[in-house]
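Coordinates in review
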Amino acid sequence: MTDIELMELAKKAGQNSYSPYSHFRVGAALLCKDGRVFCGCNVENISFGATNCAERTAVFAAIAEGCREFEKIAISGAREGKDYQRTLPCGVCRQVLSEFCGSSFEVITENDKGLCKTTLSQLLPFAFDSF
Ligand code: THU
C-alpha cells in the first residue's frame, strides 16, 4: 500500500465525518503490519469533550478487530467546502498512537505541495510511558 493510496482512503473516510459543530472533516487510514487498513473519521458530540478524533476512531477499530501492530497512518482534514489542509494528530491521539506504535511509526499528512511524512517520535518525543 503506497502513501498515496493510504491518503486516498483517509480522504474517503473523512467523507463520513460527523462534524456539525466544527465543520472540520477529518479522515484517517491506519495501515497494520499484516496489511489490513482501518479507517476512521471524527465523530463530534454536543458535549464537545465527548468528541472522538479520526485517528483514535481508526486505532480503536483496529484494536477491536484484534490488530495491534501498525506501520503508518494517513490523515486528511478539510473545512466543509474548502480544500484539504495539513492536519497533524492532536496530543491525545499522539499519546494513543504511542501506546501501540514504535518510534519509527510514520504519520503521513498532506499540504498544498503534496504528501509530508514524519514519525511519531518527532511528534511526541517524550511520551508518557510508565507509571
Ligand atoms: N480532529 C481530529 O479528528 N483529529 C485531529 O488530529 C485534530 C482534530 C477533529 C476533532 C474535531 O471534531 C475537529 O477535528 C475540530 O477540532
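Scroll up to find the structure this text is about.
The following paragraphs examine the structure supplied in this document. (Residues numbered from 1 in each chain as written. Predicted model: local features only at pLDDT ≥ 70, side-chain atom pairs only at ≥ 80, totals over all residues. Heavy atoms only, no water.)

**So, the side chain of Ser17**
- Among the secondary structure elements, Ser17 is positioned in the loop between α1 (3-14) and β1 (24-32).
- Take Ser17: its relative accessible area is 9%, and that puts it in the buried class.
- Reaching out from Ser17, the side chain makes a polar contact with the side chain of Asn42 at a distance of 2.7 Å.
- Excluding residues that lie within four positions of it along the chain, Ser17 makes contacts with Phe24, Arg25, Val26, Cys41 and Asn42. (Helix = DSSP H or I, 4+ residues; strand = E, 2+ residues; numbered from the N terminus. Buried < 20%, exposed > 50% of the residue type's maximum accessible area, 1.4 Å probe, protein only. Polar contact = N/O pair within 3.5 Å; in protein donor to acceptor, adjacent residues only side chain to side chain. Contact = heavy atoms within 4.5 Å.)

**A look at the nonpolar core**
- The biggest cluster of nonpolar side chains holds 21 residues, and the ones touching the most others in it are Leu30, Phe70, Ile73, Leu97 and Phe105.
- Within the residue set of this core, elements represented by two or more residues are β1, α2 (54-64), β3 (70-79), α3 (91-100) and α4 (120-123).
- Apart from the residues lying within four places of it in its own chain, the contact partners of Leu30 are Arg36, Val37, Phe38, Ala58, Val59, Ala62, Phe70, Lys72, Ile73 and Phe105.
- Membership of the second largest hydrophobic core comes to seven residues, among which are Leu6, Met7, Ala10 and Ala74. (Core = buried A, V, L, I, M, F, W, Y, C linked by side-chain atoms within 4.5 Å.)

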